[in-house]
Amino acid sequence: MEIIAQHQTLFYVLAVAGGLYMTWGIGANGVASAMGTSVGSGAITVRHALVLAAIMEFCGAYLAGGEVADTISTGIIDGRLFEPVPQLLVFAMIGASLAAGTWLMLASMRGWPVATSHTIVGAVCGAGVAALGIDAVQWDMMGEIVASWFLSPILGGAVALLLTMSIRKLIFNTVDPIAKARQWGPMYAFLVGWIVSLITISKGLKHVNISLGGIEGQTLAVAIGVLLGVAVRLMMNRITLDDYADRASQYASVERLFMPQMVFTGAAMAFAHGSNEVANGIGPMAVVIQIIVTREVSASSAITPLILLIGSLGIVAGLATYGYKVMATLGHGITELTPTRAYCATVAAAFVTVASSGLGLPVSTTHIAVGAVMGVGIARGVGALDLRVVGGIIASWFITVPVGALLGAVIFYLLRAAFS
């Protein structure tokens, strides 16, 4: 504790810098899973995607990011073992942030869509083992987290496949696809607004001191969904189409009608991404700040609005600098996307990501998004997928955890040597 008292200002600066560095990497890399489908479908441009995602990533991180942050900050390493030596936990958390930020920076510069949750969880484990051995890690919690990594792309793919099949049955395989698109489009928009707002209201707002009851929250979520459905109907009505064109032209017109949807679904995915991924950067920072302020290792680290704000700013900064590189990789490589396909993939990814955030599971948005895009492709047959690209992405998932752990351990040793 004497070391912390002597260097508390420096540790505070390192914690904030590490949090910003990590969340910068999240913005630069994870944005691919948030906006890649919207750009890949041609519904919005890269510039518009950056502006939209910057706003919604910030809102998602600030309003709904606290639940997962608590998992990262207190659920992976057993804080009780660090009570006699809190300075080691400080070194471990700062080391984990810097390690994860370094790997994400390298991956983003190369355009590799790696999993940010893999990176920070691996880095926290590596630093924890370096500090106190394998007993420092709560392996039962790690088991749940690892299981969610494998389950999340399956869930994303399944939901996307179901949505794709529903659009095919309700719209494309009908006598008048254009009329059916106008009829069902607002219902799909309602689905987006209702799901995202419901999880946010019930799970996220308490971290910014806003509490809504069950009926109150349900009513507000339904109202937001209805407003979104009305907005999409109005936007669809402004699009003039030839209802008597040939079948191919009618299909193309349906895709045009779904372009307004992609503005909202892209926003929903960016919100979902921010709600889950900001925690990966601010969790370790929260632990360090808690120790500096209270001079003890706490069972849970307070996720304050200020900490969420710092993480949100880091995500937006990374998004604005290197986000476009990873966005291009995910948006075009896996399968050919149209607005309806991109809609299904994006809504599926948003739903699974926001639901996981509400449950406190630090799932990989990249895993979910890739699974969702694959689900859309599988609806047209496995041949619609570029298996070479998919294989490369999956390989990067397996590399990221050991790289994060190794870097976390190395930086921990360097910090301990510097302050010993």
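Residues numbered from 1 in each chain as written. Predicted model: local features only at pLDDT ≥ 70, side-chain atom pairs only at ≥ 80, totals over all residues. Heavy atoms only, no water.

Participant: Break down the side chain of asparagine 29 for me, with residues and values.
Facilitator: Turning to its location among the elements, asparagine 29 is positioned in helix H2 (residues 8-40). Look past the residues within four positions of asparagine 29 in its chain and what remains in contact with it is Leu104, Ala107, Ser108, Trp112, Pro113, Val114, Thr116 and Val326. (Helix = DSSP H or I, 4+ residues; strand = E, 2+ residues; numbered from the N terminus. Contact = heavy atoms within 4.5 Å.)

Participant: Explain helix H15 (residues 387-419) residue by residue, including any values.
Facilitator: When the terminal C-alpha atoms of H15 are compared, their 48 Å separation across 33 residues agrees well with the 48 Å that a helix rising 1.5 Å per residue should span. Approximately 25° is the largest bend angle found in H15, and it occurs at isoleucine 399, with the proline proline 402 only one to four residues beyond. (Expected span 1.5 Å × (residues − 1). Bend = angle between axes of the 7 residues up to and from the residue.)

Participant: Talk me through the packing of aromatic side chains; I want residue IDs and the actual numbers.
Facilitator: According to the stated counting rule, one finds 11 aromatic pairs in the structure shown. Taken together, a centroid distance of 4.8 Å and an interplanar angle of 45° make the contact between phenylalanine 11 and phenylalanine 419 tilted. Pair noted here: phenylalanine 11 is in helix H2 and phenylalanine 419 is in helix H15, with a separation of 408 residues, a long-range link. In this structure phenylalanine 419 comes out as buried when scored by relative accessible area, which is 15%. Taken together, a centroid distance of 5.3 Å and an interplanar angle of 70° make the contact between phenylalanine 172 and tyrosine 251 edge-to-face. Of this pair, phenylalanine 172 sits in helix H7 (residues 139-172) while tyrosine 251 sits in helix H10 (residues 247-257), and the two are 79 residues apart along the sequence. A relative accessible area of 15% places phenylalanine 172 in the buried class. (Phe/Tyr/Trp six-rings, centres within 6.5 Å; stacked < 30°, edge-to-face > 60°. Buried < 20%, exposed > 50% of the residue type's maximum accessible area, 1.4 Å probe, protein only.)

Participant: So what about the side chain of glutamate 255? Which residues, and what values?
Facilitator: Relative to the elements of secondary structure, glutamate 255 occurs in helix H10. Here glutamate 255 is buried and forms no salt bridge, its nearest opposite-charge partner arginine 341 lying at an N-O distance of 5.5 Å. A distance of 3.2 Å separates polar atoms of two side chains, one belonging to glutamate 255 and the other to threonine 338. For glutamate 255, the contacting residues outside a window of four places in its chain are Phe172, Thr338, Pro339 and Thr340. (Lys, Arg positive; Asp, Glu negative; His and termini not counted. Salt bridge = Lys/Arg side-chain N within 4 Å of Asp/Glu carboxyl O. Polar contact = N/O pair within 3.5 Å; in protein donor to acceptor, adjacent residues only side chain to side chain.)

Participant: Got a sec to walk through the packing of helix H6 (residues 116-132) against H15? Specific residues and values, please.
Facilitator: Where H6 meets H15, the axes come as close as 6 Å, and the angle between the chain directions of the two elements is 40°. When the axes of H6 and H15 are compared, the pair comes out oblique. Along this stretch, H6 crosses H15, giving a crossing that reads as right-handed. For the pair H6 and H15, the contacting residues are His118, Thr119, Gly122, Ala123, Gly126, Ala127, Ala130 and Ala131 in the first and Trp397, Thr400, Val401, Gly404, Ala405, Gly408, Ala409, Phe412, Tyr413 and Arg416 in the second. Each residue belonging to the contact of H6 with H15 can be placed in one class, and the counts come to 10 nonpolar, 7 polar and 1 charged. (Axes fitted to C-alpha atoms, helices over the stretch in contact; angles between N-to-C directions. Parallel < 35°, antiparallel > 145°, perpendicular 65-115°, else oblique. Left-handed = near helix turned anticlockwise from the far one by under 90°. Nonpolar A, V, L, I, M, F, W, Y, C, P; charged D, E, K, R; others polar.)

Participant: So what about the nonpolar core? Which residues, and what values?
Facilitator: Counting 59 residues, the largest nonpolar core has Met35, Ile167, Ile334 and Tyr343 as the members making the most contacts within it. Here the element with the most residues in this core is helix H13 (residues 339-359); it accounts for 9 residues. If we skip the residues at most four places from it in the chain, methionine 35 touches Ile44, Ala49, Leu52, Ala53, Gly266, Ala270 and Met327. With 55 residues, the next largest nonpolar core counts Ile94, Ala100, Ile120 and Val288 among its residues. (Core = buried A, V, L, I, M, F, W, Y, C linked by side-chain atoms within 4.5 Å.)

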